[in-house]
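Residue-level structural notes
These are the residues of each chain, in order.
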Amino acid sequence: MSSITCAQALAAAYGSGLERLDAQLLLLQALGKPAGARSWLLAHDTDELAPEALDAFEAMRLRRMAGEPLAYIVGSKEFFGLALQVDARVLVPRPDTETLVEWSLDLLEPLNGPPALRVLDLGTGSGAIALAIAHSLKAAGRAAAATAVDASAAALDVARENARRLDLAVEFVHSNWLAQVGESFHLIASNPPYVASADPHLVALRHEPPQALAAGQDGLDDIRKIIAQAPCRLTPGGWLLLEHGYDQACRVRELLVSQGFAQVQSRLDLAGIERCSGGQWPPGPAIPALHAAAGGQT
Ligand code: GLN
């Protein structure tokens, strides 16, 4: 039987149309090596692959070529510096969503007042937003209680397992948006489904849970529900931050304003697109530090 080296297997995979980085990461996975070991591949390009590794690599190559996200094939995705385990039960965390986490942390950072900062991630999926916020607050020595909600029990299993592996305390609630949530929060952050149901991009996203992606004719069905429900679950002066589609910022700001939110504004993602919009729930005495945070940014 002819043997194949690492370099030959990679060259064949590139030739078949697989991205270089994807091919390298899949070969490392097939060899049981960490994703950070790409230099190992260079140093070992004349090593012959064991038949089992070659078979595993070929099976993963075919899955990737069929459009399955790399994160599902290797079983993990880095988000905000955390290695999250992911599979087809949850949306793959996107770098765009880090904008939402950064904005949340900016708002929470100067808040020293309440003993326990209460933060809610609505539609948590893999747990990405709740875990990133909980991890950052814990690293900063802040007392905080993070809650994460999802309508999918299967997604909550993934998120719970990520919290356990990362040793982060998050309370998980099985709920359709805020239906089963009783407390109030200083901050609610959400990356809800926001793709229009007839959007052709959904074809490329067919391996991910459709209920985590599509939200009615204009993609705003869930955002409308969240904006309508959130005021009852925000402490006075609390913030609602929403991720949305590249062309939805204006409409989401309008929805927030017409609901009565104050300080309504948007934030850009790394590509310079208005990717998140949010506002502060104004009635009652506002928490001073949250006001201070709001004043420092536009
Ligand atoms: N940002 C994702 C995409 O367009 C969609 C995520 C979502 O609907 N929340 O690929």
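Now for a quick tour of the structure.

What counts and what doesn't
Residues numbered from 1 in each chain as written. Predicted model: local features only at pLDDT ≥ 70, side-chain atom pairs only at ≥ 80, totals over all residues. Heavy atoms only, no water. Helix = DSSP H or I, 4+ residues; strand = E, 2+ residues; numbered from the N terminus. Rg over C-alpha atoms; globule rule 2.2 N^0.38 Å. Buried < 20%, exposed > 50% of the residue type's maximum accessible area, 1.4 Å probe, protein only. Areas by Shrake-Rupley, 256 points an atom, 1.4 Å probe, with all protein chains shown as cover. Lys, Arg positive; Asp, Glu negative; His and termini not counted. Charge placed at Lys NZ, Arg CZ, Asp CG, Glu CD. Phe/Tyr/Trp six-rings, centres within 6.5 Å; stacked < 30°, edge-to-face > 60°. Arc of directions from axis to C-beta. Contact = heavy atoms within 4.5 Å. Core = buried A, V, L, I, M, F, W, Y, C linked by side-chain atoms within 4.5 Å. Salt bridge = Lys/Arg side-chain N within 4 Å of Asp/Glu carboxyl O. Near = heavy atom within 4 Å. Polar contact = N/O pair within 3.5 Å; in protein donor to acceptor, adjacent residues only side chain to side chain.

**Here's the deal with the overall build of the protein**
In terms of regular secondary structure, the protein is built from twelve helices and nine strands. Here the protein has a C-alpha radius of gyration of 21 Å; the compact-globule value for 298 residues is 19 Å, and the two agree. The dimensions of the protein, computed from C-alpha atoms along their principal axes, are 75 × 45 × 35 Å. Here the protein holds 298 residues, and 47% of them are scored as buried. Per element, the accessible surface of the protein, about 13600 Å² overall, is 54% carbon and sulfur. Computed over 23 positive and 33 negative side-chain charges, the inter-centroid distance for the protein is 3 Å.

**So, the packing of aromatic side chains**
Taken as a whole and judged by the stated rule, the model has three aromatic pairs. Judged by centre distance (6.4 Å) and plane angle (40°), the rings of Phe79 and Phe80 are tilted. Under the relative-accessibility criterion, Phe79 is labelled buried at 1%. For Phe80, a relative accessible area of 23% translates into the label partly exposed.

**Overview of helix H11 (residues 249-259)**
Every buried residue belonging to H11 is among Ala249, Val252 and Leu256, and all of these are buried. Down the axis of H11, the smallest arc covering the buried residues is 70°, so these residues share one side. Buried residues belonging to H11 abut helix H10 (221-229), strand S7 (234-243), strand S8 (262-268) and strand S9 (274-280). Among the residues trailing H11, Gly260 stands out with phi positive, at a value near 110°.

**A short note on the nonpolar core**
Counting 33 residues, the largest nonpolar core has Ile133, Val170 and Leu187 as its most contacted members. Broken down by element, this core gets its largest block of residues, eight residues, from helix H7 (residues 128-139). Filtering out sequence-adjacent residues up to four positions away, Leu187 remains in contact with Ser104, Leu107, Leu108, Arg118, Val119, Leu120, Trp239 and Leu241. Counting residues in hydrophobic clusters, the runner-up holds 26 residues, among them Leu91, Leu120, Tyr194 and Ile223.

**Comments concerning the pattern of salt bridges**
Any two side chains of opposite charge can pair, so long as their charged atoms come close to each other. The tally for this structure, following the rule as stated, stands at 14 salt bridges. Of the charged contacts in the structure, one is a salt bridge between Glu208 and Arg94, with a shortest N-O distance of 2.9 Å. Taken together, the residues span a long stretch of sequence, with Glu208 in the loop between helix H9 (201-204) and H10 and Arg94 in the loop between strand S2 (82-85) and helix H6 (98-108) at a distance of 114 residues. Shared partners join several salt bridges into a network, and the residues in it are Asp96, Asp269 and Arg275.

**Quick notes on the site of the ligand**
The immediate surroundings of the ligand are formed by Leu91, Arg94, Asn191, Pro192, Pro193, Tyr194, Val195, Leu205, Ala212, Leu213 and Glu243. Within the contact set of the ligand, a nitrogen atom lies 2.7 Å away from a side-chain nitrogen or oxygen of Asn191. In isolation the ligand exposes 300 Å². Once the protein is present, 85% of that is buried.

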